[in-house]
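Below, each chain spelled out in residue letters.
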Amino acid sequence: MAPGEKIKAKIKKNLPVRGPQAPTIKELMRWYCLNTNTHGCRRIVVSRGRLRRLLWILFTLTAVALIFWQCALLVASFYTVSVSIKVHFQKLDFPAVTICNINPYKYSVVRDLLADLEQETRVALKTLYGFPENTSRKRREAESWSSAWEGTRPKFLRLVPLMVFSQDETSQARDFLTGRKRKFSGRIIHKASDAMHVHASKEVVGFQLCSNDTSHCTLYTFSSGVNAIQEWYKLHYMNIMAQVPLEKKINMSYSAEELLVTCLFDGVSCDARNFTLFHHPMYGNCYTFNNRENETILSTSMGGSEYGLQVILYINEEEYNPFLVSSTGAKVIVHRQDEYPFIEDVGTEIETAMATSIGMHLTESFKLSEPYSQCTEDGSDVPISNIYNAAYSLQICLHSCFQTKMVEKCGCAQYSQPLPPAANYCNYQQHPNWMYCYYELHQAFVREELGCQSVCREACSFKEWTLTTSLAQWPSVVSEKWLLPVLTWDQGQQIKKKLNKTDLAKLLIFYKDLNQRSIMESPANSIEMLLSNFGGQLGLWMSCSVVCVIEIIEVFFIDSLSIITRRQWQKAKEWWARRHAPPSPQGQDNPGLDIDDDLPTFTSALRLPPAPGTQVPGTPPPRYNTLRLERAFSDQLTDTQEPAES
């Protein structure tokens, strides 16, 4: 380093440098504590006495610890993606109402298609329970089982054999067709409970299903013979109806004019033209009221039973299939206009000879999607194809998933659900053992082995109607004398008989009040609230503002990093200079001068030892001729000379 640079560095070192130009971290921290707006840090420096300074250090550190703790709680609360719920009330429109007769098709029309099945069913009941003869149990057991099938060749019992387990023999079952006992080594699934277990406590009835190669068989048993016969009949019924064209099935079911006797909505008369046909595979022709026809949705003016929907339904019990349904009445479901009516899952049954009043209360829910929940807006992000012509819902996704798996595994679709693209309903002719595949797949679905429950997600927005049902005898004993003849006269063209009260059912659907409860989720924590909470904690514990936070960032991060970088750079430069410096020449310089980097003073020069082997030069005498005064200009310029006098 040059001598002048060394002197400048020495002077700069001794000057009081403050602020970001401080040479050390200690000086920088001292300058910050003296100039910051956070009073705790300033008190640490300016306080006199060790006790006061120690107390201020403890107070400041405690405040900093509390800030970090509260901020950690705020961050944890922010990432818990919790929600807050707002509930408010408002007026609403009337929902869609779908009504179905429990009996899907007129028995007189469909009887020819089911004649063979009914004959085998009656013979099976006679063999098991003695119907219609009132014979004793011992006499029935004594008779030969095979005598019941003389002259007939049963088809349905060969496809799906009905079997009986005795009380003490679980490995043998009696076949309805032959009446003989045979060994059974397959699985036994008891359908009366949710869990699968071997039932050996009493005599039970069931039917056997086998795979294509008949190597794997399963016996499905029921706690009651009624359930076993109905389930066995339903399987064959679906197989038969799956082969009937849709147009023919619509004609075999009830028309709107036959089902609806009277109609009244909001005090105004209505008729079958206000209902839309909806054909259900298991319930036949159903009719939907207020199904957004002409893009309009009806609304009611007031709450109460007088301002809702009032209909009288003609049930016609004489046309009921005795083996398919065991109850009489209708089913009704309340749903959105764009929603599929799952009448078999959530429908409400209506009794005959009764007035059923259903009071509604609507709750509309709006949930937040990811990351707050796993709901879906419209089902487009769910990897399940919607086979229903309706808006997405969790039920639609589950049924669509099962139907898709059914087509993949069994090669055909189950009859009670819509058809996927390029698929056909199951039947014996094309898929002889589809029932075994269906039951096995259904068991896997219940055990959540198909993956449908993990893939399907709940919709983010949905409407739910809470129904309150009440019943009253209708018509009363005194009013039926005039009411039934009047209704018979009104329906004279559609109904060719005298009406009985057991053929009629009255339905009233209304809002209990015109208030809608909306449940809306909103984020409990947002970026704005997080910053606000941070500011509140800093202001409460350390009286800091945004400017103070910026000051902290500048001093503790920017300036500190600058000082550290500058020092490391200086060290690197010195190291580089030492590494590339040329070797010093071997002269006659005094080696004592290399000890100190500063220039020697007069006093320090006197203390320096003489260089070894050198002779101190003497002081030469002064040149006295240099002290002589001389003219500044020895020769005068010619143009400035004066002329000589002559």
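The rules behind these values
Going along each chain's sequence as written, the residues are numbered from 1 onward. Residues qualify for local features only when their pLDDT is at least 70, as the model is predicted, and side-chain atom pairs are given and counted only at 80 or more; totals for whole chains, interfaces and linings, by contrast, use all residues. Hydrogens and water molecules were not included; the side-chain quantities draw on all heavy atoms of the structure. Secondary structure elements follow DSSP: runs of H or I of four or more residues count as helices, runs of E of two or more count as strands, with numbering from the N terminus. Burial here depends on accessible area, computed with a 1.4 Å probe over protein chains only, as a share of the maximum for the residue type. Under 20% is buried, over 50% is exposed, and the range in between is partly exposed. Note on contacts: a residue pair is in contact if any heavy atoms of the two residues lie within 4.5 Å. Residue exposure ignores everything except the shown protein chains as possible cover, and the areas themselves are Shrake-Rupley values with a 1.4 Å probe. By definition, pLDDT measures how confident the predictor is in each residue, and it falls between 0 and 100. Two strands pair under a simple rule: DSSP has to find at least two bridges between them. For every element, the axis is a line fit to its C-alpha atoms; helices are fit only across the contacting stretch, and the angle between N-to-C directions ranges from 0 to 180 degrees. Only rings of Phe, Tyr and Trp enter the pairing, Trp through its six-membered ring, and a pair is recorded when the two centres are within 6.5 Å. The plane angle decides the type: under 30 degrees is stacked, over 60 is edge-to-face, the rest tilted. Among buried residues, the Ala, Val, Leu, Ile, Met, Phe, Trp, Tyr and Cys ones that are joined through side-chain atoms within 4.5 Å form a nonpolar core. Polar contact is defined as a pair of N or O atoms within 3.5 Å, subject to the rule that within protein one atom must be able to donate a hydrogen and the other to accept it, and that residues adjacent in sequence are counted only when both atoms are side-chain atoms. UniProt positions are given in the numbering used here, feature names are shortened, and annotations may be inferred rather than shown by experiment. Here a cavity is any set of points on a 1 Å grid over the protein atoms alone where a 1.4 Å probe fits but cannot get out, and a pocket is any open set with protein on both sides within 12 Å along at least 5 of 7 lines; a residue lines the site when it has an atom within 4 Å of a point. Grid points are joined across faces, edges and corners, and a volume is the space filled by probe spheres set on the points. Any residue outside Ala, Val, Leu, Ile, Met, Phe, Trp, Tyr, Cys, Pro, Asp, Glu, Lys and Arg is labelled polar, Gly included; the first ten of those are nonpolar and the last four are charged. Each helix should span, by expectation, one fewer than its residue count multiplied by 1.5 Å. To sort the angles, those under 35 degrees are grouped as roughly parallel, those over 145 as roughly antiparallel, those from 65 to 115 as roughly perpendicular, and the leftovers as oblique. Each crossing gets its hand from how the near helix is turned against the far one by less than a right angle, where anticlockwise is left-handed and clockwise is right-handed. What makes a salt bridge here is a side-chain nitrogen of Lys or Arg within 4 Å of a carboxyl oxygen of Asp or Glu, nothing more.

> Any chance you could break down the overall build of the chain for me, citing the residues and the numbers?
Scanning the chain from N- to C-terminus turns up 19 helices and 19 strands. When each of the 646 residues of the chain is scored for burial, the buried share is 39%. The contacts in the chain between residues at least 6 apart in sequence include a share of 72% that link residues at least 24 apart. Carbon and sulfur atoms make up 55% of the accessible area of the chain, which totals about 39500 Å².

> An account of the confidence of the model for the chain is requested, with residue identities and associated values reported.
Looking at the chain, pLDDT values average 78 and 74% of them are 70 or higher. Every residue in residues 133–146 scores below 50 in pLDDT, and together they form 18 contacts with partners more than four places removed in sequence or on other chains.

> How would you summarise the sheet that holds strand β12 (residues 284–289) if you had to cite specific residues and measurements?
Read across the open sheet, the five strands follow the order β11-β12-β2-β14-β15; overall the sheet is antiparallel. Both outer strands of the open sheet, β11 (275–280) and β15 (348–351), are each paired with one neighbouring strand and no more. In this sheet, adjacent strand axes meet at a mean angle of 30 degrees when their direction is disregarded. Of the pairings in the sheet, the one linking strand β14 (residues 329–335) to β15 comprises four bridges and is antiparallel in character. Across the sheet, A330 pairs through a bridge with I350, a residue of β15.

> Quick rundown of the packing of aromatic side chains? Include the residues and the values.
Considering all chains together, one arrives at 16 aromatic pairs under this definition. Aromatic pair Y438 and Y439: ring centres 5.5 Å apart, planes at 75 degrees, arrangement edge-to-face. Taken as a pair, Y438 and Y439 share a single burial class, namely buried. Ring pairing ties together the aromatic residues F94, F265, F275, F289 and Y511, which thus form one cluster.

> Break down the nonpolar core for me, with residues and values.
Among soluble globular proteins, nonpolar side chains are generally buried collectively. Formed by 99 residues in total, the largest nonpolar core has its most connected members in F94, F207, L313, W434 and I509. Once you skip the residues sitting within four places of it in the chain, I509 turns out to touch F94, V97, G308, L309, V332, V334, I358 and M360.

> Go over the environment of S416, please, and point to the residues and values.
Checked against the element boundaries, S416 lands in the loop between α13 (394–410) and α14 (434–446). Residues S416 and M282, 134 residues apart in the sequence, show an inter-C-alpha distance of 6.0 Å. In this structure S416 touches H280, P281 and M282, once residues within four positions along its chain are discounted. Polar side-chain contacts of S416 include one of 2.3 Å to the side chain of Q414.

> Can you tell me about the side chain of Q414, naming the residues and giving the values?
With respect to the helices and strands, Q414 occurs in the loop between α13 and α14. Overall, Q414 belongs to the buried group, its relative accessible area being 4%. Not counting the four nearest positions on each side in its chain, Q414 is found in contact with M238, Q403, M406, Y425 and Y438.

> Describe the UniProt feature "transmembrane region" (unreviewed entry) in the chain, listing the residues and the values that go with them.
Residues annotated by UniProt as "transmembrane region" (unreviewed entry) correspond here to residues 54–79. Structurally, residues 54–79 is divided into 100% helix and 0% strand, and its ends, taken at the C-alpha atoms, are 38 Å apart.

> Give a detailed account of the layout of surface pockets, specifying residues and quantitative values.
The probe, sized like a water molecule, is rolled over the atoms to show the empty space still left. Each pocket or cavity is described by its volume, and for the second largest pocket that value is around 1100 Å³. At the level of secondary structure, the elements contributing two or more residues to the lining of the second largest pocket comprise α9 (225–241), α12 (343–346), α13 and α14. Broken down by element, the lining of the second largest pocket gets its largest block of residues, six residues, from α9. Residue classes in the lining of the second largest pocket are distributed as 15 nonpolar, 10 polar and seven charged.

> Give a detailed account of the pairing of strand β16 (residues 354–366), specifying residues and quantitative values.
Within a regular beta strand, the side chains point alternately toward one face of the sheet and then the other, so they alternate between its two faces. Across the 13 residues of β16, 11 count as buried, placing the element largely inside the fold. Of the strand pairs in this sheet, β16 and strand β17 (residues 461–473) are connected by 13 bridges, and their pairing is antiparallel. Looking at the pairing, E364 lines up with K463 of β17. Two strands pair when backbone bridges link them, and β16 and strand β18 (residues 504–511) are joined in this way by six bridges, in the parallel orientation. Of the residues in β18, the one forming a bridge with S357 is L508. Across four bridges, the pairing between β16 and strand β19 (residues 516–523) is parallel. If you follow F366 over to β19, its bridge partner there is M520.

> Residues and numbers for helix α6 (residues 115–129), please.
Here α6 is 15 residues long and its end C-alpha atoms lie 21 Å apart, about the 21 Å a rise of 1.5 Å per residue gives. Of all the positions in α6, only L117, E118, E120, T121, V123, A124, L125, T127 and L128 are classed as buried.

> Residues and numbers for the pairing of β14, please.
Counting buried positions along β14 yields seven of seven residues, so the element is predominantly enclosed. Note: strand β2 (residues 96–101) against β14, six bridges, orientation antiparallel. When the sheet's bridge partners are listed, N101 is paired in β14 with A330.

> Give me the lowdown on the packing of helix α4 (residues 50–79) against helix α17 (residues 527–542), citing residues and values where you can.
Following both chains from N to C, one finds α4 and α17 inclined at 165 degrees, their axes separated by 10 Å at the closest point. Taken together, the axes of α4 and α17 lie roughly antiparallel to each other. Crossing of α4 against α17: the hand is right-handed. For the pair α4 and α17, the contacting residues are A63, V64, L66, I67, Q70, C71, L74, V75 and F78 in the first and I527, L530, N533, F534, Q537, L538, W541 and M542 in the second. A per-class count over the contact of α4 with α17 returns 14 nonpolar, three polar and no charged.

> Which residues make up unusual backbone geometry, and what values do they have?
Looking along the chain, the bond that leaves E370 and enters P371 is cis, with omega of 10 degrees. Structurally, P371 is set in the loop between β16 and α13. Note that the residue after W474, namely P475, is joined by a cis bond; omega there is -10 degrees. Relative to the helices and strands, P475 is located in the loop between β17 and α16 (480–490). A positive phi angle, near 60 degrees, is found at N290, a position not held by glycine. Relative to the helices and strands, N290 is located in the loop between β12 and β13 (309–314). Here the phi dihedral of A422 falls at roughly 60 degrees; this positive angle occurs in a residue that is not glycine. Looking at the element boundaries, A422 is found in the loop between α13 and α14. When its relative accessible area of 89% is taken as the criterion, A422 is described as exposed.

> An account of the pattern of salt bridges is needed here, citing residue identities and associated values.
Per the stated rule, a full pass over the model turns up eight salt bridges. One salt bridge connects R457 with D381, and the closest N-O pair in it is separated by 2.5 Å. Here R457 is found in the loop between α15 (452–455) and β17, whereas its partner D381 is found in the loop between β16 and α13, with 76 residues between them in sequence. Judged by its relative accessible area of 44%, D381 is partly exposed. E480 is the partner of K501 in a salt bridge, and the nearest nitrogen-oxygen pair spans 3.8 Å. Taken together, the residues K501 in the loop between α16 and β18 and E480 in helix α16 connect sequence positions 21 residues apart. Beyond isolated ion pairs, a larger network of salt bridges with shared partners links E370, D381 and R457.

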